[in-house]
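Examining the three-dimensional arrangement
Here is what each chain is made of, one letter per residue.
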Amino acid sequence: RFVTCIGRIDRNKGQLTAIEGMKNLLKEDKTLRLVLIGSSLPGLESGYLSELKNSVFKNGIEDKVIFIESQKNIFPYLELTDIFLHCSFEEAHGLVILEAMSKGVPVVATNVGGIPEIIEEGVSGLLYEAGNGSMLGDKVEVLLQDEVLRKRLGEAGQEFSAENYSIENTIVAVEEVYKKILPTD
């Protein structure tokens, strides 16, 4: 089983919270893996990746955490994902959350910025306080233990994503805006 977190390797993206929150679950469940996908921006946060790897080693979960560099196409990874984590300390919108939701992957995300506008707690995903690894771990554990809830949240997220963010609906919405602002003769 794969719990995946995708984002630039950056302190603000909260990957350390994912490691801290998941460490006990990873030790207890032989089939569970944490997948961290992302890279640092050149010249920035290069020490943060080392900090993440040191935490993994210190916690004895080096065989349970997989680091993958940034990918242009994340959808093949999302198709293998059982639970998606979004751990940012601040986030305006969270496109990667919508990408996970579009694939029917249940999401556990921080309750910051615009994320609560995308995820309704217990309806289309689960929310936790940014930086609270214990709360993150509890939310993931609930989903790991409850297949019905995982499926329900995944389906609700997929429906929300399709209804509100599909390319077709976006085109219609943009056309409506143009109709309102452009003069008609």
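Please refer to the structure higher up on the page.
This text gives an overview of the structure that appears in the document. (Residues numbered from 1 in each chain as written. Predicted model: local features only at pLDDT ≥ 70, side-chain atom pairs only at ≥ 80, totals over all residues. Heavy atoms only, no water.)

1. Description of the packing of aromatic side chains
For clarity, the threshold we go by: Each Phe, Tyr or Trp ring (for Trp, its six-membered ring) is paired with any other whose centre lies within 6.5 Å, and the angle between the two planes then decides the class: stacked below 30 degrees, edge-to-face above 60, tilted in between. Relative accessibility under 20% of the residue-type maximum defines a buried residue, over 50% an exposed one, and the middle range a partly exposed one, all with a 1.4 Å probe and only protein chains included. Comment: the charge-over-ring label is applied if NZ (Lys) or CZ (Arg) is within 6 Å of the ring centre and within 35 degrees of the ring normal.
Under the counting rule described, the total for this entry stands at one aromatic pair. Ring centres of Phe-160 and Tyr-165 lie 6.0 Å apart, and the angle between their planes is 55°; on these two criteria the pair is classed as tilted. For Phe-160, a relative accessible area of 21% puts it in the partly exposed group. Lying across the ring of Phe-67, Lys-53 places its NZ or CZ 5.5 Å from the centre.

2. Some words on the packing of helix H6 (residues 133–145) against helix H7 (residues 147–165)
Any two packed helices are characterised by how steeply their axes cross, that is the angle between the axes, and by the distance between the axes. For clarity, the cut-off: Only the stretch in contact is used when a helix axis is fitted, and all axes are lines through C-alpha atoms; the angle between N-to-C directions ranges over 0 to 180 degrees. A run of H or I in DSSP counts as a helix once it spans at least four residues, and a run of E counts as a strand once it spans at least two, with each numbered from the N terminus. Our angle categories are set so that under 35 degrees counts as roughly parallel, over 145 as roughly antiparallel, 65 to 115 as roughly perpendicular, and the remainder as oblique. Residues are treated as being in contact if the distance between any of their heavy atoms lies within 4.5 Å. When residues are grouped by polarity, Ala, Val, Leu, Ile, Met, Phe, Trp, Tyr, Cys and Pro land in nonpolar, Asp, Glu, Lys and Arg in charged, and all others, Gly among them, in polar.
Packing of H6 against H7 leaves a shortest axis separation of 5 Å and a crossing angle of 105°. Looking at the two axes, H6 sits roughly perpendicular to H7. Contact residues: H6 offers Val-142, Leu-143, Leu-144 and Gln-145, while H7 offers Glu-147, Leu-149, Arg-150 and Leu-153. Residues that form the contact of H6 with H7 fall into these classes: five nonpolar, one polar and two charged.

3. Here we look at the sheet that holds strand E5 (residues 107–110)
This is how it is decided: Two strands form a pair only when DSSP identifies at least two bridges running between them.
Here we have six strands laid out as an open sheet, ordered E3-E2-E1-E4-E5-E6, and parallel in their pairing. A single partner strand is all that each edge strand has here, and the edge strands are strand E3 (65–68) and strand E6 (126–128). In this sheet, neighbouring strand axes are inclined to one another by 20° on average, regardless of whether the strands run parallel or antiparallel. As paired strands, strand E1 (residues 2–6) and strand E2 (residues 33–37) are joined by five bridges and run parallel to one another. Counted as the bridge partner of Cys-5 is Leu-36 from E2.

4. Topic: the environment of Lys-23
This is how it is decided: Any pair of nitrogen or oxygen atoms within 3.5 Å is treated as a polar contact; in protein, a donor-acceptor pairing is required on top of that, and neighbouring residues in sequence qualify only through side-chain atoms on both sides.
Tracing the chain through its elements places Lys-23 in helix H1 (residues 15–28). Distance from Lys-23 to Gly-137, taken between C-alpha atoms, is 8.3 Å for residues 114 residues apart in sequence. Setting aside chain neighbours within four positions, we find Lys-23 in contact with Asn-59 and Ile-61. A polar contact is formed between the side chain of Lys-23 and the side chain of Glu-20, at a distance of 2.8 Å.

5. Some points on the pattern of salt bridges
Test applied: Every case where a carboxyl oxygen of Asp or Glu lies within 4 Å of a side-chain nitrogen of Lys or Arg is listed as a salt bridge.
Scanning all chains against the criterion turns up nine salt bridges. Among the salt bridges present, the one from Arg-11 reaches Glu-51, with a minimum N-O distance of 2.8 Å. Linking Arg-11 in the loop between E1 and H1 with Glu-51 in helix H2 (residues 46–58), this pair joins segments that are 40 residues apart in sequence. Taking relative accessible area as the criterion, Glu-51 reaches 31% and is therefore assigned partly exposed. A salt bridge links Glu-121 to Lys-139, with the nearest nitrogen and oxygen atoms 2.9 Å apart. Of this pair, Glu-121 sits in the loop between helix H5 (115–118) and E6 while Lys-139 is found in helix H6, placing the two residues 18 residues apart along the sequence. Relative accessible area serves as the criterion here: at 37%, Glu-121 is assigned to the partly exposed category. Its relative accessible area of 17% is what places Lys-139 among the buried residues.

6. Thoughts on the side chain of Asn-59
Topologically, Asn-59 is positioned in the loop between H2 and E3. A polar contact is formed between the side chain of Asn-59 and the backbone oxygen of Ser-55, at a distance of 2.8 Å. Not counting chain neighbours up to four residues away, the residues in contact with Asn-59 comprise Glu-20, Lys-23 and Lys-27.

7. Overview of the nonpolar core
Quick note on the threshold: The definition of a nonpolar core used throughout is a set of buried Ala, Val, Leu, Ile, Met, Phe, Trp, Tyr and Cys residues joined through side-chain atoms within 4.5 Å.
Val-3, Met-22, Leu-34, Leu-85, Val-108 and Val-140 are the most contacted members of the largest nonpolar core, which has 28 residues in total. Elements with a contribution of two residues or more to this core: E1, H1, E2, H2, strand E4 (83–86), E6, H6 and H7. A total of five residues in this core trace back to one element, the largest contributor, which is H1. Excluding residues within four positions of it along the chain, Leu-34 makes contact with Val-3, Ala-18, Ile-19, Met-22, Leu-26, Lys-64, Val-65, Ile-66 and Leu-85. With 19 residues, the next largest nonpolar core counts Ile-37, Ala-100, Met-101 and Ile-118 among its residues.

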